[in-house]
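# A structural walkthrough
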Amino acid sequence: MASNIYLVRQRISRLGQRMSSFQLNINPLKEPLGFIKVLEWIASIFAFATCGGFKGKTEILVTCSKLHENKTITAAFGYPFRLNEASFQAYPDANVCDVNWKIYVLIGDYSSSAQFYVTFAVFVFLYCIAALLLYLGYTSMYRDSRKLPMIDFVVTLVATFLWLVSTSAWAKALTDIKIATGHGIVKELKPCVGEVMCYFGSVTSMGSLNVSVIFGFLNLILWGGNAWFVYKETSLHSPSSTSASHSQGGIPPPSGM
């Protein structure tokens, strides 16, 4: 028991010594491993910023000849796109054509896809910072270790797969959001029959959301391509040379042979 505690303390001490030996080295930025990581960091920022910061509204023109009213009702929506909570509003009076529009909402809840996409992009952003800190400050420790490059490689493969899943799900949700806030909403509103006439007005441009999808697939390409360069740092790429560099207490070959 005492020997096990001693070994744990010794390992912690060695790790502390390694972590305290921070030395800034910008050479990895000149290599694909570090340069692509910077691109991934920037792309992740655009991915969650263009989606998470979106706010928009859809407008419908309501008229009724009996009361001689002609007003615009508006439903505001945004991230995380719980459209079923976005009720219609009319200013200054909520009642237009004797209809209380507050009880009517848009259709659909796309928060799961949107939040999954944004949350994953934020985690990627944080991981890129940690990876760059490791590449630039602890270059020798990263390349002398067997575990760190392997962990980096596994995380890169998982991130590539999750970029594919999250971006595809978000792209499908965005298509549904455009339908749910477009011309078709007039047919879904029950008051828009008889004497109440409804006409689709406008909807906020979703160009930034289109950009978020583009950056999602860009991240997929970057992480998929970077997997090769991370793989080259692992013992899987050159096991013989790596094992030789990590061997301890090796016996030199006899001379003359």
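The model shown is predicted, which means the values in this text are computed figures rather than measured ones.

In this model, tyrosine 79 is joined to proline 80 through a cis peptide bond whose omega is 10°. Turning to its location among the elements, proline 80 is positioned in the loop between strand 2 (69-78) and strand 3 (88-89). A positive phi is found at phenylalanine 81, a non-glycine position, where the angle reads about 65°. Tracing the sequence through the fold places phenylalanine 81 in the loop between strand 2 and strand 3.

So, on to the UniProt feature "transmembrane region" (unreviewed entry) in the protein. As recorded in UniProt, the sites labelled "transmembrane region" (unreviewed entry) are residues 116-138, 150-171 and 209-231. In residues 150-171, the share of helix is 100% and the share of strand is 0%. The end C-alpha atoms are 32 Å apart. Taken as a whole, residues 209-231 contains 100% helix and 0% strand, while its terminal C-alpha atoms sit 33 Å from one another.

This part is about the sheet that holds strand 1 (residues 55-64). Across the sheet, which stays open at both edges, the four strands sit in the order 3-2-1-6 with antiparallel pairing between neighbours. Two strands close off the open sheet at either side, each with one partner strand: strand 3 and strand 6 (196-203). One ladder, built from two bridges, connects strand 2 with strand 3; its direction is antiparallel. Bridge assignment links alanine 75 to a residue of strand 3, and that residue is phenylalanine 88.

Conventions we followed
Residues numbered from 1 in each chain as written. Predicted model: local features only at pLDDT ≥ 70, side-chain atom pairs only at ≥ 80, totals over all residues. Heavy atoms only, no water. Helix = DSSP H or I, 4+ residues; strand = E, 2+ residues; numbered from the N terminus. UniProt positions renumbered as here; feature names shortened; annotations may be inferred. Pairing = 2+ DSSP bridges.

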